[in-house]
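Remarks on the overall topology
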Amino acid sequence: ATFKGEYGEISSRVTAFYPLKMARNGSFYYPQFPSVQKYYENGIAPDTFPMVAYVDFNSTDDRVFHFKNLCGILQLNLCGSGGLKVKDLEIVNLDGKPLWGDCTLSLDGKQGTDQQTMTVNGGNNVIKVSFPQAFILKASTPRVINVVVPAGSFAEGFSVKVFDDKGDVLCFLTANTDRVQ
């Protein structure tokens, strides 16, 4: 994406946020992760992947904002046979840390690095993915589902429940994975 704007004389550090509707107060940024994410075919829904960029006008002549991701993406590739009709997913973070809620990010220059200081307040360790309409899984072509999660999620693994259009569990799986980056 390309962002354009004009700025006058700036003699300090400037911070930019995406999406802009996220709240800022002083030296903190408050992104929110929803408890239900909507499926977006072949990617991530617009305005759901928070990023931050900053430039210190005192220490550089570089006037380009380099955005850093504040979270990770869990990608699920679902296949099936027998006419399984999927309507919803539920993902559980097995280490118990929240996957959604109100977040607080310290604007300390560490955003987008392993040292970033973002906490998730409220919420819980279960997030849902909702599809606009039920779909049938295919054996040969996976349905790619991307879920935005706080960076560092799933240190002890995760489980996924797949629900049909009647609310019944079609399948349940657990993966012991490393961290989502």
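Keep in mind that this is a model prediction, so the values were computed, not measured.

What counts, and where the lines are drawn
- Residues numbered from 1 in each chain as written.
- Predicted model: local features only at pLDDT ≥ 70, side-chain atom pairs only at ≥ 80, totals over all residues.
- Heavy atoms only, no water.
- Pairing = 2+ DSSP bridges.
- Helix = DSSP H or I, 4+ residues; strand = E, 2+ residues; numbered from the N terminus.
- Axes fitted to C-alpha atoms, helices over the stretch in contact; angles between N-to-C directions.
- Phe/Tyr/Trp six-rings, centres within 6.5 Å; stacked < 30°, edge-to-face > 60°.
- Buried < 20%, exposed > 50% of the residue type's maximum accessible area, 1.4 Å probe, protein only.
- Lys NZ or Arg CZ within 6 Å of the ring centre and 35° of its normal.
- Core = buried A, V, L, I, M, F, W, Y, C linked by side-chain atoms within 4.5 Å.
- Contact = heavy atoms within 4.5 Å.

Digging into the sheet that holds strand β12 (residues 126–136)
Overall, mixed pairing links the 5 strands, which are arranged β5-β12-β9-β14-β15 in an open sheet. Pairing within the sheet leaves two strands with one partner each, and these edge strands are β5 (36–38) and β15 (169–175). Averaged over all pairs of adjacent strands, the angle between their axes in this sheet comes to 20 degrees, without regard to strand direction.

Overview of the packing of aromatic side chains
Inspection of the entire model under this criterion finds 3 aromatic pairs. With centroids separated by 5.1 Å and ring planes inclined at 55 degrees, the aromatic side chains of Phe154 and Phe158 adopt a geometry described as tilted. Side by side, Phe154 and Phe158 carry an identical accessibility label, which is buried. Cluster of aromatic residues (ring-pair linked, three or more members): Tyr39, Phe131 and Phe135. Note that Arg143 overlies the ring of Phe135, its terminal NZ or CZ placed 3.9 Å from the centroid.

Things to note about the nonpolar core
Core analysis: the biggest nonpolar cluster contains 20 residues, and Leu76, Leu89, Ile91, Val129, Phe131, Ile145 and Val147 have the highest contact counts within it. Every element with two or more residues in this core is listed here: β8 (71–78), β9 (85–93), β12, β13 (143–150) and β14 (158–164). Per element, the largest residue contribution to this core is 4 residues, and it comes from β12. The residues touching Ile91, leaving out its near neighbours within four places in the chain, are Leu74, Leu76, Leu99, Asn125, Val126, Ile127, Val129, Val147, Phe154, Phe158, Ser159 and Val160. Within the second largest apolar cluster, 14 residues are counted, among which are Phe17, Leu70, Leu105 and Leu107.

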